[in-house]
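Commentary on secondary and tertiary structure
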Amino acid sequence: MYKKKRLSFKGGIHPPYSKELTKSISLEYALSPKVVYIPLQQHIGAPCEPIVKVGDRVKIGQKIGEAKTFVSVPVHSSVAGIVKKITPLPTPTGSKVMTVIIESDGSNEIYEGIKPKGELSNLTSKEIIEIIKEAGITGMGGAAFPTHVKLSPPPEKKIDTIILNGSECEPYLTADHRLMVEYPEKVVFGLEVIMKAVNANKGIIGIEDNKPDAIENIRSIVAKKPNIELAVLETKYPQGGEKRLIDAITGRKVPAGALPMDVGVIVNNVGTAAAIADAIQKGMPLIERIVTVTGNGIVQPSNLIVKIGTLFKEIIEQCGGYSGEPGKIISGGPMMGFAQYTDEVPVIKGTSGILVLKQKDAYSEVEQPCIKCARCVDVCPVGLLPIKIANYSQKSKWDEAEAYSALYCIECGSCSFICPAKRPLVQRIRLAKGEILAKKRNK
Ligand code: SF4
Ligand code: SF4
């Protein structure tokens, strides 16, 4: 089925999308790296514990880190080779994490336990969720929350709708776009798996209207599926935020402090659905992902399928290298991504893009006094007063910042983007959130 109306939400912004650099470039496999650096924590939750030691030989898809708690996922080797070292190293999120360094032997030998899981109709909900957990699948849109946890709501929370987020509203990124253009069947099959896992009778794939080819390819498949719909969304940032998406597509409002499951919905990224499809159809855990390598600081912008653990610098070299001195390297997109101080960090499960900007574009303008225009208030999709919270944060008044609902900020950056005075609002709100949460933990 095909929902024709263009859907949207209140607030939001229209930044320059800059997707023309890569939106028509087909997916290609990146060269297989000689060495991979696989962090034992690439997700929200507890880190894994290593189950290999230096000198061990591992194969592609073999588990190398075990999850010891429910909110955690295992990690697997993306190459066949020898474990050289296990040591703390920086990751693109800014934290140092225990990392397994594996030197590839070039054999590409696949672990013998990797086998298709059979027909979906023969799998129970419990078996599907266990397969997803064992495959180490996390949200692929950036936050990297363990997917099996998301798909395990308490029994009293009945889920009737699964939404796949194909909006990819973050500027520059085209990884999800190319996935939907080139592998639409995989995305739709992944959605069917998720629906079966939580016994939901409806699936909806939301795509922004700046991706007509993806809309067309997904539409041709869901047209034959009576329980799956396509929802075309207005191109607006942050359309892909979970609560905004649910509101735009279903009209259901997720109250502040509540979760999508409280209104009967679970949202997953289209990349997550594709990873789930691979886990069922091939038995392959999450060992590679699509990365958009883009920006005017890259010679040859591309959409690459990259093995987890490959260093950014190797990927950048394969894309022709830097076009001049890089001004800024970002993991992810310009709105919610993480600025990097080195290109010697590995691609992890949440790495949707590598964005390199030239120095002139990375320049941040000098902050001016607030002119009380209220544009930051108008664009906030959560309905917050960003200037109030940021001002309290600047004065270290954390209780007041909390009273103005700082913790509900989704850090979309719309307020900072729109501010004519170039005030670093989201940075100050992020600081306030960190201080409020630290205070709560120490109580
Ligand atoms: S206050 Fe938070 S949620 Fe609102 S626009 Fe700013 S960053 Fe986005
Ligand atoms: S957008 Fe900037 S200048 Fe306008 S009210 Fe907000 S902080 Fe002040």
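Okay, so let's go over this structure. (Residues numbered from 1 in each chain as written. Chains lettered and ligands numbered in written order. Predicted model: local features only at pLDDT ≥ 70, side-chain atom pairs only at ≥ 80, totals over all residues. Heavy atoms only, no water.)

A few words on the layout of surface pockets. Picture a little ball the size of a water molecule; that probe, rolled over the atoms, points out where space is still empty. Volume-wise, the second largest pocket comes out at about 410 Å³. Sorting the residues of the lining of the second largest pocket by element identifies helix H3 (175-182), helix H7 (270-281) and strand S14 (288-294) as the ones contributing at least two each. Looking at the lining of the second largest pocket element by element, the count peaks at 4 residues for H7. (1 Å grid on protein atoms, 1.4 Å probe; cavity = no way out; pocket = protein on both sides within 12 Å on 5 of 7 lines; lining within 4 Å. Points joined across faces, edges and corners; volume = space filled by probe spheres on them. Helix = DSSP H or I, 4+ residues; strand = E, 2+ residues; numbered from the N terminus.)

Pairing within the open sheet is antiparallel, and its 3 strands lie in the order S4-S6-S7. If you trace the sheet from one side to the other, it starts and ends with strand S4 (49-50) and strand S7 (75-76), each paired once. Sheet topology places S4 next to strand S6 (residues 63-66); 2 bridges connect them, and they run antiparallel. Of the residues in S6, the one forming a bridge with Glu-49 is Glu-66. (Pairing = 2+ DSSP bridges.)

Per the counting criterion, the structure on display carries 25 salt bridges. Note that Lys-313 is salt-bridged to Glu-344, the shortest N-O span being 3.3 Å. Of this pair, Lys-313 sits in helix H8 (residues 312-318) while Glu-344 is found in the loop between strand S17 (338-340) and strand S18 (353-358), placing the two residues 31 residues apart along the sequence. Here Lys-313 falls in the partly exposed class, since its relative accessible area comes to 28%. Classification of Glu-344 by relative accessible area gives partly exposed; the value is 45%. Ionic contacts of the salt-bridge type, sharing partners, join the residues Arg-57, Lys-59, Asp-105, Glu-109 and Glu-112 into one network. (Salt bridge = Lys/Arg side-chain N within 4 Å of Asp/Glu carboxyl O. Buried < 20%, exposed > 50% of the residue type's maximum accessible area, 1.4 Å probe, protein only.)

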